[in-house]
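# Structure assessment
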Amino acid sequence: MCAPFLRQSSDTAVNTSLYGTCVSSVVSCGAVSNKLVIFLNLTTFFGIYILLSSKMDVGELLNYQPDRGAKRPRNQGGGGGGDDEIRVKHQRTLGRDSHRHREQMEADEEDDGTIGDRNRILEKLMDPDEDDPEAEPVDESSVKKMILTFEKRSYKNQELRIKFPDNPEKFMESELDLNDIIQEMHVIATMPDLYHLLVELNSVHSLLGLLSHENTDVAIAVVDLLQELTDIDTLHESEEGAEVLIDALLEGQVVALLVQNMERLDESVKEEADGVYNTLSIVENMAEFRPGLCTEAAQQGLMQWLLKRIKAKMPFDANKLYCSEILAILLQNNDDTRELLGEMDGIDVLLQQLSVFKRHNPSTAEEQEMMENLFDALCSCLMLANNRDRFLKGEGLQLMNLMLREKKMSRTSALKVLDHGMIGPEGADNCHKFVDILGLRTIFPLFMKTPKKMKKTGTSEKEHEEHVCSIIASMLRNLKSQQRSRLFTKFTENDCEKVDRLMELYFKYLEAVQQADKRIEGEKHEMVRRGEILDDGMEDEFYLRRLDAGLFVLQLICYIMVEIGNSGIAQLQQRVHQILNVRGGSVKVIRHIMREYAESIGDGKTEEFKEVERKRIMDLLDSF
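For clarity, every value in this text was computed on a predicted model and none was experimentally measured. (Residues numbered from 1 in each chain as written. Predicted model: local features only at pLDDT ≥ 70, side-chain atom pairs only at ≥ 80, totals over all residues. Heavy atoms only, no water.)

On average, residues of the protein chain score 82 in pLDDT, and 77% of them are at 70 or above. Under a pLDDT of 50 for its full length, residues 48-114 has, in the predicted model, 64 contacts with residues more than four places off or in other chains. (pLDDT = per-residue confidence, 0-100. Contact = heavy atoms within 4.5 Å.)

If you want it as structure tokens, here you go:
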């Protein structure tokens with residue numbers, strides 16, 4: 001059966017049809033022997049050589065298929081001509097990809113082994129450098145060997161640099177070797193349970209030392225490695241290994257060394273800008289894994305560097321966005337970092353950066369995210385009483401008031417900042433100043449009508465109404481004498497329209513809370529029926545759900561009602577009671593809500609403050 005094939009191969013001219021003829025003949029003969037497979041492989045090499053010599057590109061080479069329809073008549077003596085005509089027709093009408101797919105399906109059915117060999121040959125030709133042996137498995141022994149190699153190369157590079165400080169050619173090769181082993185050490189990040197070896201063999205200390213290497217490329221390579229080692233997902237894979245690594249890094253003053261390295265990097269160079277980004281990623285990873293290190297990190301120069309980088313006159317980029325995010329993380333629930341930022345004039349830096357968005361919206365989603373991060377950082381700072389004075393002196397109230405008037409995307413966040421700056425007895429000075437700068441003209445239009453275009457900023461209607469009501473409640477609590485009278489006068493304007501709006505909000509949130517209470521009571525009843533115990537944790541969860549449903553906003557509204565009812569202006573008190581009677585409301589419900597508010601007020605304050613505030617609220621209720 002194979003003789004016709006051999007004769008045909010010897011008689012046929014050497015051209016591009018030879019390859020197709022060889023393949024077709026072998027398939028038609030059905031010879032699936034080792035010899036023919038070897039012969040086919042040799043023929044494949046020969047055919048590819050001819051195709052390459054005809055200047056075909058790689059794509060054409062891989063897509064080439066033999067014209068079986070044209071060659072079969074020679075082997076079959078014209079038999080099956082109808083089939084050949086159909087095949088030729090398909091070759092002309094179908095695209096190259098579909099033709100190749102059909103041919104491969106046929107070939108798979110006829111001779112899987114032959115096609116597999118041919119594909120392997122093509123893969124070898126396309127990737128001759130591919131290594132067949134599998135990579136060495138990562139285990140404790142290989143990691144130890146890698147670490148020791150790293151130590152040797154690091155020591156050798158250091159020695160050569162000291163010996164030949166003015167002759168880079170002498171130490172350049174050792175520097176390349178050092179960089180190579182640092183790259184190889186990335187594999188350790190896949191085995192967090194072996195992190196203890198980095199500490200035990202003192203390589204963490206050596207890596208930290210390289211952060212101050214004269215060649216910034218080496219320092220950046222170390223940063224990349226540390227970033228991968230501290231990846232938060234990797235750290236959580238092995239808590240024990242992660243704890244050992246983080247302890248060693250903090251003991252080696254890692255943040256201070258990272259900051260020193262960032263100081264010398266030129267962000268106009270892409271590689272060095274990436275180094276800064278990865279450095280910030282290391283800080284974020286460690287802060288997420290161990291929040292308590294934020295104070296230490298801020299004190300080791302990170303806070304100062306972040307403020308410097310944020311206010312630098314550079315085009316907006318990913319690093320500036322990341323800096324704003326890290327700053328917000330450092331300030332979250334941490335009075336030490338808030339005080340540190342205030343002492344570094346950080347309030348002024350934040351106000352200066354936010355002033356850009358007074359009359360202009362962020363141009364991109366990333367820039368909007370940075371703006372929100374800066375607002376969040378400012379809100380965190382205002383939780384500290386000392387920073388409220390700095391905010392007042394830095395004319396932060398004026399800037400927020402202008403943002404509210406301009407109706408840009410910054411308006412929602414500016415409202416949140418005002419809420420944080422005026423709440424509690426520490427916000428008394430800000431409340432008086434806000435009235436002096438005609439802030440009442442700004443805040444009450446927002447109280448009367450909730451803006452509709454808030455989806456872009458991701459703020460809900462409830463959040464907006466909560467901030468506005470909280471600001472008004474803070475002013476009612478903190479304002480004295482003339483400013484207090486001006487506030488009450490606002491409620492009497494236009495036939496007490498603001499009282500009407502207040503009562504509208506009251507019934508809106510009362511209904512929402514009552515529905516939530518009904519659902520919660522049903523769940524409690526079901527739990528009791530099943531014999532489950534309602535512990536304090538479950539009660540706290542139910543209370544939080546009531547707050548989410550609008551209980552806190554309802555409490556603020558009731559507080560405003562009680563305050564204006566005790567203003568001494570009969571018109572206001574009469575209007576409140578009139579609307580209550582018309583809509584079937586009850587003073588008893590308001591008193592119940594206010595008693596609950598008085599019980600929970602002043603969380604985080606001193607016991608003395610809580611008692612004084614509760615007594616004041618109960619006195620207001622008695623006179624309501």
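Following the structure, the description resumes.
Next up on the list: the side chain of glutamate 563. Along the chain, the position of glutamate 563 falls in helix α30 (residues 536-565). If near-sequence neighbours (up to four positions away) are discounted, glutamate 563 is found in contact with Leu476, Arg477, Arg484, Phe488, Arg616 and Leu620. (Helix = DSSP H or I, 4+ residues; strand = E, 2+ residues; numbered from the N terminus.)

It is worth spelling out unusual backbone geometry at this point. The phi angle at asparagine 333 is positive, at roughly 55 degrees, despite the residue not being glycine. Counting through the fold element by element, asparagine 333 comes out in the loop between α19 (318-331) and α20 (335-343). Positive phi outside glycine occurs at serine 481, with the angle close to 45 degrees. Along the polypeptide, serine 481 turns up in helix α29 (residues 481-529). For serine 481, a relative accessible area of 58% puts it in the exposed group. (Buried < 20%, exposed > 50% of the residue type's maximum accessible area, 1.4 Å probe, protein only.)

Here the focus is the environment of leucine 293. The residue leucine 293 is located in the loop between α17 (270-289) and α18 (294-311) in this model. The spacing of leucine 293 and valine 283 is 10 residues in sequence and 9.5 Å in space, taken between C-alpha atoms.

Time to look at the environment of leucine 354. Relative to the helices and strands, leucine 354 is located in helix α21 (residues 346-354). Look at leucine 354 and you get buried, because its relative accessible area is 0%. For leucine 354 and methionine 371, which are 17 residues apart along the polypeptide, the C-alpha to C-alpha distance reads 6.9 Å. Discounting chain neighbours no more than four positions away, the residues touching leucine 354 are Met371, Leu374, Phe375, Leu378 and Met403.

Here we come to the packing of helix α27 (residues 440-448) against α29. At a closest axis distance of 10 Å, the pairing of α27 and α29 adopts a crossing angle of 20 degrees. For the element pair α27 / α29, the angle class is roughly parallel. The handedness of the crossing between α27 and α29 comes out as left-handed. Between α27 and α29, the contacting residues are Leu440, Arg441, Phe444, Phe447 and Met448 on the first element and Arg486, Leu487, Lys490, Phe491, Glu497, Lys498, Arg501, Leu502 and Leu505 on the second. When the residues that make up the contact of α27 with α29 are grouped by side-chain class, the tally is eight nonpolar, no polar and six charged. (Axes fitted to C-alpha atoms, helices over the stretch in contact; angles between N-to-C directions. Parallel < 35°, antiparallel > 145°, perpendicular 65-115°, else oblique. Left-handed = near helix turned anticlockwise from the far one by under 90°. Nonpolar A, V, L, I, M, F, W, Y, C, P; charged D, E, K, R; others polar.)

This paragraph deals with the packing of aromatic side chains. For the structure shown, the criterion picks out five aromatic pairs. For the pair phenylalanine 444 and phenylalanine 491, a centre-to-centre distance of 5.4 Å together with 90 degrees between the ring planes defines the contact as edge-to-face. Highlighted residues: phenylalanine 444 in helix α27 and phenylalanine 491 in helix α29, separated in sequence by 47 residues. Geometrically, the ring pair formed by tyrosine 559 and tyrosine 597 is tilted, given 6.4 Å between the ring centres and 55 degrees between the ring planes. Here tyrosine 559 is found in helix α30, whereas its partner tyrosine 597 is found in helix α32 (residues 587-600), with 38 residues between them in sequence. Like tyrosine 597, tyrosine 559 is buried. For the cation-ring pair, lysine 170 lies above phenylalanine 164, with the distance from its terminal atom to the ring centre recorded as 5.5 Å. (Phe/Tyr/Trp six-rings, centres within 6.5 Å; stacked < 30°, edge-to-face > 60°. Lys NZ or Arg CZ within 6 Å of the ring centre and 35° of its normal.)

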